[in-house]
Amino acid sequence: MNRVLPYPLLALSLLAMWLLLNGASAGHIVLGAAIALAAARMMSALEPAKPRIRRWSRIPLLFALVMVDIVHSNLAVTGIILGLRKRKGSAGFVAIPLAIRDRTALATLACVITATPGTAWVEYRSTRDVLLIHVLDMVEQQDWIDLVKGRYEPLLQEIFE
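So, here is what we can say about the structure in this document.

Basis of the calculations
- Residues numbered from 1 in each chain as written.
- Predicted model: local features only at pLDDT ≥ 70, side-chain atom pairs only at ≥ 80, totals over all residues.
- Heavy atoms only, no water.
- Core = buried A, V, L, I, M, F, W, Y, C linked by side-chain atoms within 4.5 Å.
- Buried < 20%, exposed > 50% of the residue type's maximum accessible area, 1.4 Å probe, protein only.
- Helix = DSSP H or I, 4+ residues; strand = E, 2+ residues; numbered from the N terminus.
- Contact = heavy atoms within 4.5 Å.
- Salt bridge = Lys/Arg side-chain N within 4 Å of Asp/Glu carboxyl O.

**Considerations on the nonpolar core**
If you look at the biggest cluster of nonpolar residues, it comprises 24 residues, and the most contacted ones within it are Ile-96, Leu-109 and Leu-156. Those elements that place two or more of their residues in this core are α3 (59-82), β1 (90-97), α4 (103-115), β3 (130-138) and α5 (141-160). Ranked by residues supplied to this core, first place goes to α5 with seven residues. With sequence-adjacent residues up to four places away left out, Leu-156 is seen in contact with Leu-62, Ile-100, Ala-105, Thr-108, Leu-109 and Glu-161. In this structure, Tyr-7, Leu-15, Ala-36 and Ala-40 belong to the second largest nonpolar core, which totals six residues.

Below you can see the structure in the form of structure tokens.
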């Protein structure tokens, strides 16, 4: 199984994405499957480390928290852009010390931060384990540090480390 399909979840995800984008017909299923299998086999040439998920049961909670934060941030950024809400702070950078070491957990945190409107992952310094993010409306740096360290980091550590 590993030689024919080294990354089954990747192949299945690619096929699902192909069918969502192009519609489900016999031709698209065959073409999507061929592309997914080829991509999964090519991925094995890169020899990435396979992520180890330790607590699958915590993933829905992380997903729910991220969705709530994205909706909240969308409303806040929309309010700022449309002038419905006055900015309390100004744009700035926040350095956040992290205890996360797992590469998959860091990549997941990067996706969460970047997907949340008003924030962007700027840099991660692995030598000092410090994350630098940019925030659109920053009032207090400590609030952002507490958010990442209290809301996301413990869950990511439970799931991946």
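This is not the end of the story, as more comes after the structure.
**What to know about the pattern of salt bridges**
Any two side chains of opposite charge can pair, on the condition that their charged atoms come close. Inspection of the entire model under this criterion finds six salt bridges. One salt bridge connects Arg-55 with Glu-158, and the closest N-O pair in it is separated by 2.9 Å. Remark: Glu-158 occurs in helix α5 and Arg-55 occurs in the loop between α2 (26-46) and α3; sequence separation between them is 103 residues. Glu-158 serves as the salt-bridge partner of Arg-58, at 3.0 Å between the closest nitrogen and oxygen. Taken as a pair, Arg-58 in the loop between α2 and α3 and Glu-158 in helix α5 lie far apart in primary sequence, 100 residues in all. Here Arg-58 falls in the partly exposed class, since its relative accessible area comes to 23%. You can call Glu-158 partly exposed: its relative accessible area is 28%. Connected via shared salt-bridge partners are Arg-55, Arg-58 and Glu-158.

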